[in-house]
4 protein chains.
Amino acid sequence: MESKFNDDVIGRARVKDTPELEAYYKELETLGAGALWTVANDIEPWEPRTSSVPMLWKYENLRELVLKSSELVTPEQAGRRVVYLVNDKRKDVSAAVGWLYTGIQVTRPGESTSAHRHKASALRFIMEGQGGYTVVDGNKITFEVNDFVITPNSTWHEHGVAADGKTCIWQDGLDIPLVNALEANDYAVYDGKQDLKYPVNFSPLTYGGSGLLPADKIWDKPYSPLFKYSWKNVYPSLLEAAQVNYGSPYDGILMHYSNPVTGGHVMQTMGASMQLLRAGEHTKAHQHTGSFVYQCAKGKGYSVINGKRYDWKERDIFCVPSWAVHEHVNLSETEDACLFSFNDLPVIESLGLYQERAYEENGGFQVVEN
Amino acid sequence: MESKFNDDVIGRARVKDTPELEAYYKELETLGAGALWTVANDIEPWEPRTSSVPMLWKYENLRELVLKSSELVTPEQAGRRVVYLVNDKRKDVSAAVGWLYTGIQVTRPGESTSAHRHKASALRFIMEGQGGYTVVDGNKITFEVNDFVITPNSTWHEHGVAADGKTCIWQDGLDIPLVNALEANDYAVYDGKQDLKYPVNFSPLTYGGSGLLPADKIWDKPYSPLFKYSWKNVYPSLLEAAQVNYGSPYDGILMHYSNPVTGGHVMQTMGASMQLLRAGEHTKAHQHTGSFVYQCAKGKGYSVINGKRYDWKERDIFCVPSWAVHEHVNLSETEDACLFSFNDLPVIESLGLYQERAYEENGGFQVVEN
Amino acid sequence: MESKFNDDVIGRARVKDTPELEAYYKELETLGAGALWTVANDIEPWEPRTSSVPMLWKYENLRELVLKSSELVTPEQAGRRVVYLVNDKRKDVSAAVGWLYTGIQVTRPGESTSAHRHKASALRFIMEGQGGYTVVDGNKITFEVNDFVITPNSTWHEHGVAADGKTCIWQDGLDIPLVNALEANDYAVYDGKQDLKYPVNFSPLTYGGSGLLPADKIWDKPYSPLFKYSWKNVYPSLLEAAQVNYGSPYDGILMHYSNPVTGGHVMQTMGASMQLLRAGEHTKAHQHTGSFVYQCAKGKGYSVINGKRYDWKERDIFCVPSWAVHEHVNLSETEDACLFSFNDLPVIESLGLYQERAYEENGGFQVVEN
Amino acid sequence: MESKFNDDVIGRARVKDTPELEAYYKELETLGAGALWTVANDIEPWEPRTSSVPMLWKYENLRELVLKSSELVTPEQAGRRVVYLVNDKRKDVSAAVGWLYTGIQVTRPGESTSAHRHKASALRFIMEGQGGYTVVDGNKITFEVNDFVITPNSTWHEHGVAADGKTCIWQDGLDIPLVNALEANDYAVYDGKQDLKYPVNFSPLTYGGSGLLPADKIWDKPYSPLFKYSWKNVYPSLLEAAQVNYGSPYDGILMHYSNPVTGGHVMQTMGASMQLLRAGEHTKAHQHTGSFVYQCAKGKGYSVINGKRYDWKERDIFCVPSWAVHEHVNLSETEDACLFSFNDLPVIESLGLYQERAYEENGGFQVVEN
């Protein structure tokens, strides 16, 4: 970055140390103070600066270990039986990227947990199994592979798998690191399991209509009343959009899961999307603020992130840090590929911090490092 | 109403005429003025007061006449070939009820109109035919029976039927009387037909996903980006909602067509809904502000409006004026019935004028007059 | 308008009567129906069309008659002792212009009324006197000349003048005609006078700070929590704005009274403004939708409305109908002039019906008729 | 907290280490993964947990050192000549509390800086001097002691003091640590000083009216168009509010500086308030999420924060971390005291993370540690 950004200009700190200044700094320190110019260039970077690195977690490596956790601990002991994925540079905050946590949870047929809640928000993306369900504030939601389910801020929630189901594995996404960083998290345990306050799947059956909302209900919560976004609806919608849209040059056909009552993100702190890369599609590179965790929901391909190639296929998980240059490639010439992702865009956008930039060099495509 | 409301109380005008006052009134009149107390009780009614009457338009009576219009006039001569339905008490403003206009338009295979636009907003509900389409601001939308289509305020629009289609009949709903009353209507003709700016059905294919919005688009118009609400999606959604909801005691399973980007009404001046009355359902009576035009989309039944029974079956149209007491009955013990309706609720709500009241007498059901 | 708008074009109704058609029309009429093309050109005007005429009410003519009302009737008899101003073309709806009502109310020292409320909203602009007050939902507001006071939709309200005050005269503005037209008005009388629920002037003392809102209060009503806008604040603000703004070429320095909690209009159905015309200022002419009632609060001048000159001085009231071409002139070369006005812009804007157009001919100034 | 919160319950992680588990953990680590239950109790605290400590910075200690900086470095060398105040536990992110930065800036008569901008937002509270000004996006704002000035996200800004002024000292508040943490900060230098695009003080003269907004302007930025909140308006407003409000039991008369166009906070990431403690007032204790930096603007008193007393007088600065229990005391029996504060409430609120709790023990007042 030397060539682009030079701190030896008016408007940047350029003070040289002297004995007098050093004495001055010491004196300030005793008062809980410092001289801004000693840190200014560091805390005011020219461009967004991330402390995360791109990472890829191959499901073929993790799956056995995830399943093994169900032999090693019970849900009662563990709270939740989850293998979490941690960024090499974010171990101190248990984050996969930026301030986002992600983990892989396994639940066996007949298992279920007691309920709890927290200020952190959660979401799930279903990877394997049958008969899984979650209960959110008394609303039982059953789910299937590639369904997307939300557990918003402060809702009571618990999970389980029907006795006649098959072992379920899903990806959890939470904003725990963020809510901890903002010094606002809390936690409460429910005494046992929740009573169901609604018929099973009340939320998706009531709020899942395309362009329809129930006239006799007022929804005043700051998150989506639609708790499940079903793959059986989502994938056909992507195909329909692909019929009539070129889509984004950087993302192909990218749809945000949205709150039908506001058109906004599904929760206040995390958004999520599903995108379709058409057969053979190779998107252009760009960079933007916001942290992203991806899971391949269908197909196979690779992403180039900051000049390095990360190959993925179904169920692999990877992350793109803030401001990382990235592009996506569908390696099949005949099948589409789908990438689920979740992000902190609601935070970045509501605080006025979103910016993006197209990668201009080399025709818009990165040179991949060997 | 004598028993409930008495003008002989403090707070109402109770001035008796005297010769002196009459002279005073005359003097005021010459100055473009008057004494408020001579009109106060009239212009400040105790309860909402409508100038419309309930009406029912039987399709079996109208259908032949509607079709006949296509023999009598061409679209070129007529502008649009429409039989409009007019309230007995609103002929001066050509309204079906309140400030809402409705009409039945017929278009033959191969016919199409040139485009025009106006500050008034329009909507269509499809009654018969095949191969019909509308073009809204360069976006061609094809439609089928029971589909609901919008043509918002100031969008260029034109309609037609494919040459290999079947004669199409649809109901138009417009706020022309309202926009005229608010002294804000305008009109412009397009020179011929619009060029298509998007692939056919771009809008519903892009915005019609359940809980999904395209990430690469910003919609900043004050109406829904979803121009068509398809019966093939709407009816299953009603059935799904019916599985898990009791619904409204006054309306059964009532869903508003909604703008997926805001969760609000489809347009700024008119809303629309589809409701399902379960087999044998007889709703309770209530009254509320806002004017409504209904069309039976499926089944048969009747509504009791201000104590009088109006029997309807598929394609019949009727209206419920503001503050009229009304209840709905599905006459089938085995089949559900569906009522489409459109209304001026966006106006009533955004101006703070909505109120409703349950009918309390007689167990909540009106006594039907003979 | 002949030259601009021609109905003999494609897209307008151009059907000639024939015996066959006349028979057809009769048949339709028996079914509560008609042929759209017989009314289309009338109900779809090329441009916004008003049914009001510009009018000027000179205070010097009205003042004595207004005061005389206090000899002729008591508040108890009259409900409110008000001379209302009625447009020559809107007598049927008791409107001063469009759907806006205005009147001049007189209250003598020591007089007060009992409370009432209605769905219609009200506002007051104080013309004369001392010691006047209004009580809005238990909040007593004292007022002085040129203060602007609101009484929103469904708030209990009553007025009076302190025993040691001076006869107060103020202008009332209400949306009664609109709320009646929308078939939503109601009325209720309070049993006597309201108890005060807050200290006197709680609302302006709490919400009247510039850029400040009380941190411990949540205001969830759809109208301004600030019930009084004091001339002693408003006039200096206009002068300050005039120091650094050219203002609008059509209106000089025009400020909307605004809801400090939303930045929007003070109420859902009526907005109000104060404008300052600098010494010698002659604004350019324009036209827009929306109906306006003005009162001169300071100075003297004239307005040209649809080519006719209306001279006004302090306390004179006049109206500008929707789409009327108008311009304002301050006749003093040394003093500024101020015009208070209220309008239905919240309706026009929230329904998407606002449009404006500069007057292009003659350098932007109308030729005044003799 | 032992007594209240016990991790040995269902719903918390209670797995004991075994050799088998330790081997498992090692294996996970090689894959960039871990077992959630090994960190769950730590990253899911029972209650909001801050990493900051309460701190007080006495102005009498700092003032000389701040002034001395103007002898040691020039603005050209330093970028800005600022002594920043740093929390003992947040030195790694240069924050005064939570993710908020604060510093004290000194500018001598005739000095001025070149302009720059950044994604971080800034605010100033004026402590001393005369003739100071800031230029925000071409809008020059002059300020006086106790005025509050904003420099929103991405606006060009520069500061200076008139040659005939007196040395100015002000407090800077920025969200630099937050925007860095969110990996979204950037920085750009302007080539020299900005041209003025508006008359001096355009913003406060145009937008500073109480309940008034200019009718001819559309403000579409996500921050307040009012860039200066003048003490000469703010203090009288507090006195007026104090006449008719008990205020908050925890904060006395507390007013938020607000965006007049939305009623919301002045910027997207930081809010600010001024509060008045009446003579002798001792508020009750409470705790809430959000981080706060205070400056005493008038009078003297103390705050009890987490059981420890911090005495302050005019110009002293102190902080209250998230969830710290705190109460305020005005030590004068005859004079009011005023506390300016700024905070991250816009973040906490927009992300759904605000919660508060009254301190219930000991009659609502903390026992002060010796």
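Bear in mind the structure is a predicted one, so any value in this text is a computation, not a measurement.

**Describing the overall build of chain A**
Item 1. When helices and strands are counted, chain A shows eight helices and 22 strands.
Item 2. In terms of overall size, chain A behaves like a compact globule, its C-alpha atoms giving a radius of gyration of 23 Å where 370 residues would be expected to give roughly 21 Å.
Item 3. When its C-alpha atoms are laid out on the principal axes, chain A stretches across 75 × 55 × 45 Å.
Item 4. A burial count over chain A gives 64% of its 370 residues as buried.
Item 5. Surface summary for chain A: the accessible area is close to 13,400 Å², and the carbon and sulfur share equals 49%.
Item 6. One finds the centroid of the 35 positive side-chain charges in chain A at a distance of 5 Å from the centroid of its 48 negative side-chain charges.

**Remarks on the interface of chain D and chain C**
Item 1. With 36 residues of chain D in contact, the opposing surface of chain C contributes 36 residues.
Item 2. Buried surface at the junction of chain D and chain C, both sides included, amounts to about 3,000 Å², of which 58% is carbon and sulfur.
Item 3. Here chain D and chain C share zero salt bridges between them.
Item 4. For the interface between chain D and chain C, the tally reads 14 residue pairs in polar contact (both at pLDDT 80 or more).
Item 5. Within the residue set of the side of chain D that touches chain C, elements represented by two or more residues are α6 (202-207), β11 (212-214), α7 (231-244) and β13 (253-257) of chain D.
Item 6. No other element matches α7(D), which puts seven residues into the side of chain D that touches chain C.
Item 7. Broken down by class, the residue content of the side of chain D that touches chain C amounts to 18 nonpolar, 15 polar and three charged.
Item 8. As paired strands, strand β13 (residues 253-257) of chain C and β11(D) are joined by three bridges and run antiparallel to one another. The residue bridging His256(C) from the neighbouring strand is Leu213(D), located in β11(D).

**Here's the deal with the packing of aromatic side chains**
Item 1. By the definition in use, this model includes 94 aromatic pairs over all chains.
Item 2. On the numbers, 5.6 Å between centres and 10° between planes, the contact of Phe5(B) with Trp46(B) is stacked. Residue Phe5(B) is located in the segment before α1 (19-30), and its partner Trp46(B) is located in the loop between α2 (40-43) and β2 (55-57); the two are separated by 41 residues in the primary sequence.
Item 3. By relative accessible area, which is 15% here, Trp46(B) ends up buried.
Item 4. Centroid distance Tyr257(C) to Phe340(C): 6.2 Å. Interplanar angle 55°. Geometry classified as tilted. Here Tyr257(C) is found in strand β13, whereas its partner Phe340(C) is found in strand β21 (residues 337-343), with 83 residues between them in sequence. Side by side, Tyr257(C) and Phe340(C) carry an identical accessibility label, which is buried.
Item 5. What links up through ring pairs into an aromatic cluster is the set Phe125(A), Phe148(A), Tyr229(A), Tyr257(A), Phe340(A) and Phe342(A).

**Regarding the relation of the copies chain D and chain C**
Item 1. Rotating chain D by 180° about the axis while translating it 0.0 Å along that axis superimposes it on chain C, leaving an RMSD of 0.0 Å. Expressed as a symmetry operation, the mapping of one chain copy onto the other fits a two-fold axis.
Item 2. The fraction of interface residues of chain D whose copies in chain C are also interface residues reaches 100%, indicating that both copies meet through the same surface.

**Here we look at the domain arrangement of chain A**
Item 1. Taken domain by domain, chain A holds domain 1 (1-46) and domain 2 (55-364).
Item 2. If you average the C-alpha positions of domain 1 of chain A and of domain 2 of chain A, the two centres end up 42 Å apart.

**Some details on the relation of the copies chain C and chain B**
Item 1. Each copy superposes on the other: chain C lies on chain B with an RMSD of 0.0 Å after a rotation of 180° and an axial shift of 0.0 Å.
Item 2. When the interface residues of chain C are mapped onto chain B, 100% of them again lie at the interface, so the same face is used by both copies.

**Focus on the interface of chain C and chain B**
Bring the parts together and some accessible area is lost; that lost area is often taken as the interface size.
Item 1. Listed by partner, the interface residues are 90 residues for chain C and 90 residues for chain B.
Item 2. Of the roughly 7,600 Å² buried between chain C and chain B, counting both surfaces, carbon and sulfur atoms make up 60%.
Item 3. The three residues of chain C that bury the most area against chain B are Glu183(C), Tyr187(C) and Leu351(C), which together make up 10% of that side's buried surface.
Item 4. The interface formed by chain C and chain B holds two salt bridges in total.
Item 5. The shortest N-O distance in the salt bridge between Arg80(B) and Glu44(C) comes to 2.5 Å.
Item 6. Where chain C touches chain B, the interface holds 38 residue pairs in polar contact (both at pLDDT 80 or more).
Item 7. Of the residues assigned to the side of chain C that touches chain B, the class counts are 47 nonpolar, 26 polar and 17 charged.
Item 8. Pairing between strand β1 (residues 33-35) of chain B and strand β3 (residues 82-85) of chain C: three bridges, direction antiparallel. Residue pairing for β3(C): Ala35(B) is matched across the bridge by Val83(C).

**Notes on the environment of Thr334(A)**
Item 1. Note on placement: Thr334(A) falls in the loop between β20 (326-330) and β21 (337-343).
Item 2. Once the C-alpha coordinates of Thr334(A) and Trp312(A) are considered, the two residues, 22 residues apart in sequence, prove to be 17 Å apart.

**Details of the sheet that holds strand β13 (residues 253-257) of chain B**
Item 1. Reading across the sheet, the seven strands line up as β11(A)-β13(B)-β14(B)-β21(B)-β16(B)-β19(B)-β2(B) and stay open at both edges, with antiparallel pairing between neighbours. Pairing within the sheet leaves two strands with one partner each, and these edge strands are β11 (212-214) of chain A together with β2 of chain B. Pairs of neighbouring strands in the sheet enclose a mean axial angle of 25°, with direction left out of account.
Item 2. Relative to strand β19 (residues 317-320) of chain B, β2(B) runs antiparallel, the two being bridged by three bridges. Considered in β19(B), the bridge of Leu56(B) is made with Phe318(B).

**Structural notes on the pairing of strand β6 (residues 122-136) of chain B**
Residue and element names in this part refer to chain B.
Item 1. Most of β6 is tucked away, with 12 of its 15 residues classed as buried.
Item 2. Relative to strand β8 (residues 148-151), β6 runs antiparallel, the two sharing four bridges. Bridging across to β8, Ala-122 finds its partner in Thr-151.
Item 3. Direction of pairing for β6 relative to strand β9 (residues 157-174): antiparallel, over a ladder of 12 bridges.

**Some points on the UniProt feature "domain: Cupin type-2" (unreviewed entry) in chain A**
All names here are of chain A.
Item 1. Residues annotated in UniProt with the feature "domain: Cupin type-2" (unreviewed entry) correspond here to residues 105-170 and 275-339.
Item 2. Each end of residues 105-170 is marked by a C-alpha atom, and these two atoms are 5 Å apart; helix forms 0% of the span and strand 67%.
Item 3. Taken as a whole, residues 275-339 contains 0% helix and 57% strand, while its terminal C-alpha atoms sit 5 Å from one another.

**As for the sheet that holds strand β2 (residues 55-57) of chain C**
Item 1. Strands sit in the order β2(C)-β19(C)-β16(C)-β21(C)-β14(C)-β13(C)-β11(D) across an open sheet of seven strands; the sheet is antiparallel. Lying at the two open borders of the sheet, with one neighbouring strand each, are β2 of chain C together with β11 of chain D. Across the sheet, the mean angle separating the axes of adjacent strands is 25° when strand polarity is ignored.
Item 2. Both β13(C) and strand β14 (residues 271-277) of chain C contribute to a ladder of four bridges, which runs antiparallel. The partner of Leu254(C) across the bridge, within β14(C), is Gln275(C).

**Section: α1(B)**
Item 1. Compared with an ideal rise of 1.5 Å per residue, which puts 12 residues at 16 Å, α1(B) spans 17 Å between its outermost C-alpha atoms and is within 8% of the ideal.
Item 2. The elements touched by buried residues of α1(B) are β1 of chain B together with α3 (59-72) and β3 of chain C.

**Things to note about the pairing of strand β14 (residues 271-277) of chain B**
Residues and elements named next belong to chain B.
Item 1. Burial runs high along β14: seven of the seven residues are buried.
Item 2. Residues of β14 alternate between two faces, with Gly-271, Ser-273, Gln-275 and Leu-277 on one and Ala-272, Met-274 and Leu-276 on the opposite face, all of them buried.
Item 3. Bridge count between β14 and strand β21 (residues 337-343): seven bridges; the pairing is antiparallel. Counted as the bridge partner of Ser-273 is Ser-341 from β21.

Cut-offs applied
Residues numbered from 1 in each chain as written. Chains lettered and ligands numbered in written order. Predicted model: local features only at pLDDT ≥ 70, side-chain atom pairs only at ≥ 80, totals over all residues. Heavy atoms only, no water. Helix = DSSP H or I, 4+ residues; strand = E, 2+ residues; numbered from the N terminus. Rg over C-alpha atoms; globule rule 2.2 N^0.38 Å. Buried < 20%, exposed > 50% of the residue type's maximum accessible area, 1.4 Å probe, protein only. Areas by Shrake-Rupley, 256 points an atom, 1.4 Å probe, with all protein chains shown as cover. Lys, Arg positive; Asp, Glu negative; His and termini not counted. Charge placed at Lys NZ, Arg CZ, Asp CG, Glu CD. Contact = heavy atoms within 4.5 Å. Buried area = accessible area lost by both parts, 1.4 Å probe. Salt bridge = Lys/Arg side-chain N within 4 Å of Asp/Glu carboxyl O. Polar contact = N/O pair within 3.5 Å; in protein donor to acceptor, adjacent residues only side chain to side chain. Nonpolar A, V, L, I, M, F, W, Y, C, P; charged D, E, K, R; others polar. Pairing = 2+ DSSP bridges. Phe/Tyr/Trp six-rings, centres within 6.5 Å; stacked < 30°, edge-to-face > 60°. Least-squares fit on C-alpha atoms with pLDDT ≥ 70 in both. Domains from an automatic or database assignment. Axes fitted to C-alpha atoms, helices over the stretch in contact; angles between N-to-C directions. UniProt positions renumbered as here; feature names shortened; annotations may be inferred. Expected span 1.5 Å × (residues − 1).

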